[in-house]
Amino acid sequence: MMNKSTLKKVIFYVILILGSIVMLLPFLWMLSTSLKSSDATMLLPPEWIPKEITFDNYKEVISAMPMGRFFLNSVFVALTSTFFQVFICAMAGYAFARIDFKGREVLFYIYLGTLMVPSQVTLTPLFIIMNLFKWTNTYQALILPGMFSAFGTFLMRQFFKGIPKSLEEAAFMDGAGYITIFFRIIIHLAKPVFATLWIFGFMASWNNFLWPLIITSDTAHMTLPLGLAALQGRWTTDWNVLMAGTVISIFPILFVYIFTQKYIIKGMTHTGLK
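Predicted model only: the values in this text are computed from it and were never measured.

Engineer: Got a sec to walk through the side chain of Lys36? Specific residues and values, please.
Structural biologist: One can find Lys36 in the loop between helix H1 (4-34) and helix H2 (56-64). Dropping the residues within four chain positions of it, Lys36 is found in contact with Trp29, Thr41, Glu47, Pro50, Thr54, Asn57 and Asn240.

Engineer: Please provide a residue-by-residue account of the side chain of Asn240, values included.
Structural biologist: On the secondary structure map, Asn240 appears in helix H13 (residues 239-271). Among the polar contacts listed, one links the side chain of Asn240 to the backbone oxygen of Lys36, at a separation of 3.4 Å. Here Asn57 takes part through its side chain, which lies 2.9 Å from a polar atom of the side chain of Asn240. Look past the residues within four positions of Asn240 in its chain and what remains in contact with it is Thr33, Ser34, Lys36, Ser37, Ser38, Thr41 and Asn57.

Engineer: Which residues make up the pattern of salt bridges, and what values go with them?
Structural biologist: In total, this model carries two salt bridges according to the counting rule given. Linking Glu105 and Arg157 is a salt bridge whose minimum nitrogen-to-oxygen distance equals 3.5 Å. With a gap of 52 residues between them, Glu105 in helix H4 (residues 104-113) and Arg157 in helix H7 (residues 150-161) connect regions that are remote in the sequence. By relative accessible area, which is 32% here, Glu105 ends up partly exposed. The buried category is assigned to Arg157, whose relative accessible area is 5%. Linked by salt bridges that have partners in common, Arg104, Glu105 and Arg157 make up one network.

Criteria and thresholds
- Residues numbered from 1 in each chain as written.
- Predicted model: local features only at pLDDT ≥ 70, side-chain atom pairs only at ≥ 80, totals over all residues.
- Heavy atoms only, no water.
- Helix = DSSP H or I, 4+ residues; strand = E, 2+ residues; numbered from the N terminus.
- Contact = heavy atoms within 4.5 Å.
- Polar contact = N/O pair within 3.5 Å; in protein donor to acceptor, adjacent residues only side chain to side chain.
- Salt bridge = Lys/Arg side-chain N within 4 Å of Asp/Glu carboxyl O.
- Buried < 20%, exposed > 50% of the residue type's maximum accessible area, 1.4 Å probe, protein only.

This is how it looks when you write it as structure tokens:
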């Protein structure tokens, strides 16, 4: 007979395993469909493991549209906007956490209050601003809105508030200022929270569909989500081809997450987020 503690652990792990299976099923179905012929995608009952595996869907995706161009655009936009977002949020978070200036708390909570504004509400004024600068169909229009994040600033502030003040006091005694402390001390301690914000920012930029749809109209600046949307026909859709394109689009996110997951856990722990 199992004791009460062991029984709780067994139930806990069974729930985790079942939850993992539920989360993996859509991904496995997408991968399976990408390897099927068009006739096999509509079979009932469905085939989880295709009888005839084909890679023609991937060839068709690449030949049907400039997939390489879309992919490179997404990589460039996501990496650039995420880099600047992490850097700007780190500076803002450090200022709100460590620099005592008049109206600091009020300004921070006003900034934090922008999280309650739906992003769709800001699309029209943002487009008007970009149009005034004549930045439509440009990379800067795709990158600039993603460089700022109220959530990222909040995340950084929470992390920096947990750093012992004795480190800064020792640096002040050696004649260092806030800028020197930030670049020589704080940044080196903030790798976990940097990785956490990096993966969140990268995923948001990589999967962003609505803003690129509004601000771009030429193929040269389109990102991967727009290319995937173009694979859906008005009356019919080749689901096997669409799933092949989706599999291609997922791999960069998986790659980034695999190499940053240990830092994400540390970042969440230090910021107190759950």
